[in-house]
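The primary structure of each chain is shown beneath.
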Amino acid sequence: MTAQSPIGILDSGVGGLSVWREIARFLPQEQTLYVADSVNAPYGNKSEEEIFDLASRVIEFLLTQHVKLIVAACNTITVSCIDRLRQAYPQIEIVGVVPAIKTAVALSKRKKIGVLATERTAKSSYQHELIKKFARKCEVITVGTNKFVPLIERGEEGQIREVLLSVLKPFIKHEIDVVVLGCTHYPLIADLIQEELGREVRLIDSGEAIARRVEVLLTKHKLKSKQKAGENRFFTTGSVEKADRILHRLAR
Ligand code: DGL
């Protein structure tokens, strides 16, 4: 691997594109290689063992492509098995994504925040620890749902609108003023969530922080690209047309 090698990015599906978008914006000189494991999405209803096996398969593919750093652009993978993945692949840095609870607490005026994640992330001890560590003086309403990811994967906007209100109701009831998007798929429907919660509620995700972390690690390992513009490549284990549609929407 050299400074010109790509950054590998993986997710259970197209959600990690919300992280890829920030990396491509912040580090336009870098090559990226994105893998959406859409055929196996969602991961949110799978066991930790299954998630580890699926993520390992994708990481092994990324290693054959000589990536210089890996971003597990998925909260569910990170909270389930990031330590195990780092132990299994010590030859490469693996950056994980976790709900931006610390940032949300700092931004909340009412000291009432919402965390919207997959069921697995919401139930995880990792998320409980983050809340314990950073949100002691805050009311935290957690909503874990596996409803959105399959609908986002299929691009079913109408059906997402139908379930949105019932999923978000606890946030409205508790009058929270900041919502953490604790699944990388959710920034892809941020406009719909915002419409439902109202403009005064702030939505935050981890995308930009991850891009900054990637830069720090590339600098530390002397692996920053010296090119002017990097090439972005996308792979999916699922439907190319669906992934293409989402990419076009993101590029708008
Ligand atoms: N994008 C993944 C995350 O951040 C979605 C997990 C899933 O496939 O359920 O958690």
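## Here's the deal with the sheet that holds strand β8 (residues 202–204)
Point 1. Sheet architecture is open: 4 strands sit in the order β6-β5-β7-β8, paired in parallel fashion. Bordering the open sheet on either side are β6 (139–144) and β8, each of which pairs with just one other strand. Neighbour-to-neighbour, the strand axes of this sheet turn through a mean angle of 20 degrees, independent of strand direction.
Point 2. As defined by bridge partners, strand β5 (residues 112–117) adjoins strand β7 (residues 178–182) across 5 bridges and the pair is classed as parallel. Each bridged residue has a counterpart across the sheet, and for G114 the counterpart in β7 is V179.
Point 3. Running over the sheet, helix α9 (residues 190–197) touches β5, β7 and β8 and is turned about 150 degrees from β8.

## Some details on the nonpolar core
Point 1. Counting 49 residues, the largest nonpolar core has V71, L116 and I193 as its most contacted members.
Point 2. Not counting residues up to four positions away in its chain, the partners in contact with V71 are I7, G8, I9, L10, V19, I23, V95, I210 and V214.
Point 3. Judged by nonpolar contacts, the second largest core, of 22 residues, contains Y43, L54, A72 and I77.

## Quick notes on the pairing of β7
Point 1. Taking burial as the measure, the 5 residues of β7 include 5 buried ones, the bulk of the element.
Point 2. Along β7, one buried face is formed by V178, V180 and G182 and the opposite face, lined by V179 and L181, is buried too.
Point 3. The sheet contact formed by β7 and β8 spans 3 bridges and is parallel. Within β8, the residue paired with V179 across the bridge is L203.

What counts, and where the lines are drawn
- Residues numbered from 1 in each chain as written.
- Predicted model: local features only at pLDDT ≥ 70, side-chain atom pairs only at ≥ 80, totals over all residues.
- Heavy atoms only, no water.
- Pairing = 2+ DSSP bridges.
- Helix = DSSP H or I, 4+ residues; strand = E, 2+ residues; numbered from the N terminus.
- Axes fitted to C-alpha atoms, helices over the stretch in contact; angles between N-to-C directions.
- Contact = heavy atoms within 4.5 Å.
- Core = buried A, V, L, I, M, F, W, Y, C linked by side-chain atoms within 4.5 Å.
- Buried < 20%, exposed > 50% of the residue type's maximum accessible area, 1.4 Å probe, protein only.

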